[in-house]
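Summary of structural features
Below, each chain spelled out in residue letters.
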Amino acid sequence: MNHLHLHHTSAPFHAQLRLPGDKSISHRAAILAAIAEGTSTISGFLESEDCLATIAVLQKLGITIEHPEHGVFVILGRGGFFSEPSGTLDCKNSGTTMRLLAGLLAAQPFSTTLIGDDSLSNRPMRRVMEPLSAMGAMLHATGIKANPPLTIQGGRLHPIDYKLPMSSAQVKSAIILASLFIPGTTTIMEPTACRDHTERMLTSFQGSCFSLLDQEERHILSVTGPQKLRACSFQVPGDISSAAFWMVAAAARRGSHVCFDNVGVNPTRTGIVEVLKRMGADISIQPHPTTQAEPLGTITVIGTTLQGTIIQGEEIANVIDELPILAVAGALAHGTTIIKDAQELRVKETDRISAMVTNLRAMGATVAERDDGLEIQGGAPLNGATLPSYGDHRIAMACAIAGLFAYGETMIENTSCIKTSYPDFEEMLSSFTS
Ligand code: S3P
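Right, let's walk through the structure included here. (Residues numbered from 1 in each chain as written. Predicted model: local features only at pLDDT ≥ 70, side-chain atom pairs only at ≥ 80, totals over all residues. Heavy atoms only, no water.)

Most of the time, phi is negative for any residue but glycine, and the peptide bond is trans. Going from P148 to P149, the amide bond is cis rather than trans, its omega being 5°. Note on placement: P149 falls in strand 9 (residues 147-153). Residue K92 is not a glycine yet carries a positive backbone phi of 55°. Inspection of the secondary structure puts K92 in the loop between strand 6 (89-90) and helix 3 (95-106). Owing to a relative accessible area of 44%, K92 belongs among the partly exposed residues under this scheme. (Helix = DSSP H or I, 4+ residues; strand = E, 2+ residues; numbered from the N terminus. Buried < 20%, exposed > 50% of the residue type's maximum accessible area, 1.4 Å probe, protein only.)

A word on the packing of helix 1 (residues 23-35) against helix 2 (residues 49-60). Between helix 1 and helix 2, whose axes approach to 9 Å, the crossing angle comes to 10°. In terms of orientation, helix 1 and helix 2 fall into the roughly parallel class. Contact residues: K23, S26, H27, A30, I31 and A34 in helix 1; D50, C51, T54, I55 and L58 in helix 2. Looking at the contact of helix 1 with helix 2 residue by residue, the class counts come to six nonpolar, three polar and two charged. (Axes fitted to C-alpha atoms, helices over the stretch in contact; angles between N-to-C directions. Parallel < 35°, antiparallel > 145°, perpendicular 65-115°, else oblique. Contact = heavy atoms within 4.5 Å. Nonpolar A, V, L, I, M, F, W, Y, C, P; charged D, E, K, R; others polar.)

One finds W246, F260, L276 and F425 to be the most contacted residues of the largest nonpolar core, which totals 79 residues. By size, the runner-up hydrophobic cluster in this structure holds 70 residues, among which are A30, I35, L157 and I175. (Core = buried A, V, L, I, M, F, W, Y, C linked by side-chain atoms within 4.5 Å.)

Of note, N262 is situated in strand 15 (residues 257-264). Judged by its relative accessible area of 41%, N262 falls in the partly exposed class. It is 33 Å that separates the C-alpha atoms of N262 and V357, two residues lying 95 residues apart in sequence. Look past the residues within four positions of N262 in its chain and what remains in contact with it is P237, G238, H288, L296 and G297.

This next bit is on the site of the ligand. Surveying the vicinity of the ligand reveals 13 residues, the closest of which are S24, R28, S168, D321 and K348. A distance of 2.7 Å separates an oxygen atom of the ligand from a polar atom in the side chain of S24. Between the ligand and S168 there is a distance of 2.7 Å, counted from an oxygen atom to a side-chain nitrogen or oxygen. In isolation the ligand offers 380 Å² of accessible surface; the protein chains occlude 94% of this area. Residue assignment for the shell around the ligand shows that the elements contributing at least two residues are helix 1, helix 3 and helix 5 (169-179). (Near = heavy atom within 4 Å. Polar contact = N/O pair within 3.5 Å; in protein donor to acceptor, adjacent residues only side chain to side chain. Areas by Shrake-Rupley, 256 points an atom, 1.4 Å probe, with all protein chains shown as cover.)

Another aspect to go through is helix 4 (residues 126-134). What helix 4 keeps buried is the set R127, V128, M129, P131 and L132. Tucked inside the fold, the buried residues of helix 4 contact helix 3, strand 8 (138-142), strand 9, strand 10 (161-163) and helix 5. Backbone geometry just downstream of helix 4 places G136 in the positive-phi region, at approximately 115°.

Further remarks concern the state of the cysteines. Each disulfide is one covalent bond, formed between the sulfur atoms of two cysteines. One pass over the structure, following the stated rule, counts zero disulfides. Its sulfur unpaired, C209 is 11 Å from the next cysteine sulfur, which belongs to C194. Unpaired in this structure, C232 has its nearest cysteine sulfur neighbour in C209, at a distance of 16 Å. Residue classification places C232 among the buried positions, given a relative accessible area of 12%. (Disulfide = S-S within 2.5 Å.)

A word on the pairing of strand 5 (residues 72-78). For strand 5, the tally of buried residues reaches five of seven residues, placing the bulk of the element in the interior. Where strand 3 (residues 37-43) and strand 5 come together, six bridges link them in antiparallel fashion. Opposite S40, over in strand 5, you have I75 as the bridge partner. Following strand 4 (residues 64-69), the chain reverses through two residues before pairing antiparallel with strand 5; G71 in that reversal takes a positive phi of roughly 85°. (Pairing = 2+ DSSP bridges.)

A few words on the packing of aromatic side chains. Enumeration over the complete set of coordinates arrives at nine aromatic pairs. With a centroid separation of 5.0 Å and an interplanar angle of 20°, the aromatic rings of W246 and F425 are classed as stacked. Here W246, found in helix 7 (residues 240-251), pairs with F425, found in helix 13 (residues 425-433); they are 179 residues apart in sequence, far enough to count as distant. Note on accessibility: W246 and F425 belong to one class, buried. Among the aromatic side chains, those forming a connected cluster through ring pairs are F13, F245, W246, F405, Y422, F425 and F432. If you follow R253 out to its NZ or CZ, it ends over the ring of F405, 4.5 Å from the centre. (Phe/Tyr/Trp six-rings, centres within 6.5 Å; stacked < 30°, edge-to-face > 60°. Lys NZ or Arg CZ within 6 Å of the ring centre and 35° of its normal.)

This is how it looks when you write it as C-alpha cells:
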C-alpha cells in the first residue's frame, strides 16, 4: 500500500504540463471501436487501471486488441458481434466500464456477469437495470441497493422513450449503446446536460445520435438502430479532470502560470474553468482547430487569491468529478464556498461529500456537511495531517494538492487508487513542485 508525503510549498507554480488521455473518452473509444467493423487505431489512450479494465473485458468478449506502443491500441472490431465469455467480467474499480458495457451486453444473445472491486461492488446499478430491463433484457444484481455482481441476460430488445431520473452520462451511454443494436428509435430525456462524449464520438465511427431541445428546453436524444459503425483512427485528448488538480493549485497561488496543451475542452466538461473564473482566477481556453469529434484546446491558468463561490444546479453535472478539488479550492479561497445539488457525489468511488468534509476538517478547515454537498469557510491556514484516501483516486489527488498549501507534513494513505485514472500523478507532482 503506497502513501504520499506532501510538504508545504510557498513558491508560485510554473509549468507546461502534458496530460494523460481523457478517461471517459478512452473507455468510449475502445467500446465503439470494438462494435465497429474494421480495424481502429486509438492513440493517446489513457493506460490507467480503469481503462485497461475495459480493454480486458472487450478481449474476453472475443475482440482482438493489439498494443503496439504506449498509449496506442489497435482494435479489430467485429461489426457488433461478440463471443460469450467464459467466467465473469472484471470491471475492477470502474463504474464507467460496468455501466457502459451493461448497455452493450444487454443487446447480446448470451448471459454475462460483471463484477468489480469492493468499491464498485457497493455502487448502485439499478439506474442501468431499469432502462435496460424496459428494453427487454433481464438483469440481476444483489440486495435492495442493486449492487454488483450484475448478471445480464441479453437478447432481442425493443426501443424505449426514457426519462433519466438523474443526470448520468454512464446511464445515458448504456442506453445509447444498447440502442445501436435495436431496430427503431430510442429517445432519452436528460434532466440536465451531462458529458456528451458517446453522442459526439459516434460520428467518428460513422454512427449517429441526434440531440434537440424540446419546447420546455429539455434535452432529448434520439438514436435510431440498428447502426453499422465503421472503424476509424481516433486521437484521445488530454483529460481536463486530471488537469483540474494542477489548475486549482495554480489558480490559488498568486504569481503562478501553468499551461496545458491538447486538453479536451468539450463544453460539457469545462465547468471547472467557469467556476475558477468566478473565484477570481485568470483562466483562458484557446481552442485548437480540429476535425475530430471532441474539441481540443490549450488552457492557461494565472494564479491569484481566490474568492468563495456557489456551485449548484445545472452546473453540477459539468464539474461532477472536479468537486473534490473544488472543495479544496473553497478551503483555500477567502469567504464561503457552497456546493449543493451534488448528492450524486455520495455514490461515487466513495462518499465524496463525507470524505472531503472529514479530510478538510482534519486539516483545520471549517466545513459543514449537507445532504447534497458541503459549505466551506475558506481562507484560514490549513495544517498538515494524515488523511485516508478512502481508496478513491480523486480524494487522494485533491488532498495531495491541499497538502502543498498546508503547514507541516501531510500524508495521504493508500494512494495506489490513483492508478485508476492518473498513473503518472506522483511523477507530475514532483515536476510541478520543483
Ligand atoms: C463518467 C460519468 C460520470 C463521471 C465518471 C465518468 C463517464 O459518472 O462521474 O467519472 O465516463 O460517463 P455518472 O454518469 O455516474 O454521473
